[in-house]
Amino acid sequence: FRRMVAETIPYERFVQSYLKDFDWKVQLLIGSDKICSMKETHLVLSLSLHNQDNTTKEVTVELSKDELDHLIGTLERAQKTVNVLRA
């Protein structure tokens, strides 16, 4: 996820941005052939980031279940850190 965002937005602009809105949807990818079949669930996450110069940047990323689990864990750890700093 970090790599996908880093490829889309330079770090300096990302730090100066805040999340204005988001949208998500789940896609079930199905494929098959004579040898194997495939079922994968992916999350498509669209972020609307507001910048200090009053522009808005749309970032869309596609995450597998493992990537989504990692992102959720990272956000939970960030929230715990924020809670400690506020106390």
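Here, the structure is the one placed above.
Residues numbered from 1 in each chain as written. Predicted model: local features only at pLDDT ≥ 70, side-chain atom pairs only at ≥ 80, totals over all residues. Heavy atoms only, no water.

1. Brief notes about the overall build of the protein chain
- Along its length, the protein chain carries three helices and three strands.
- Going from N to C terminus, the protein chain has its helices and strands arranged as α-α-β-β-β-α.
- If you take every contact in the protein chain between residues at least 6 apart in sequence, the share linking residues at least 24 apart comes to 43%.
- As presented, the protein chain carries roughly 7,200 Å² of accessible surface, and 56% of it is formed by carbon and sulfur atoms. (Helix = DSSP H or I, 4+ residues; strand = E, 2+ residues; numbered from the N terminus. Contact = heavy atoms within 4.5 Å. Areas by Shrake-Rupley, 256 points an atom, 1.4 Å probe, with all protein chains shown as cover.)

2. Let's talk about the nonpolar core
- Grouped together as the largest cluster of nonpolar side chains are eight residues: Leu43, Leu45, Leu47, Leu49, Val59, Val61, Leu63 and Leu71.
- Elements that contribute at least two residues to this core include exactly strand E2 (37-50) and strand E3 (56-64).
- Ranked by the residues each element gives to this core, the list is headed by E2, at four residues. (Core = buried A, V, L, I, M, F, W, Y, C linked by side-chain atoms within 4.5 Å. Buried < 20%, exposed > 50% of the residue type's maximum accessible area, 1.4 Å probe, protein only.)

3. Digging into the side chain of serine 48
- Mapped onto the secondary structure, serine 48 falls in strand E2.
- Owing to a relative accessible area of 9%, serine 48 belongs among the buried residues under this scheme.
- When residues no more than four places from it in sequence are discounted, the contact partners of serine 48 are Tyr18, Leu19, Lys20, Asp21, Thr56, Lys57 and Glu58.

4. Here we look at the pattern of salt bridges
- Per the counting criterion, the structure on display carries one salt bridge.
- Between aspartate 69 and lysine 65 there is a salt bridge, and its shortest N-O distance comes to 3.0 Å. Of the two residues, aspartate 69 and lysine 65 both sit in helix H3 (residues 65-86), four residues apart, roughly one turn of that helix.
- Residue classification places aspartate 69 among the partly exposed positions, given a relative accessible area of 39%.
- Exposure remark for lysine 65: the relative accessible area of 55% places this residue in the exposed category. (Salt bridge = Lys/Arg side-chain N within 4 Å of Asp/Glu carboxyl O.)

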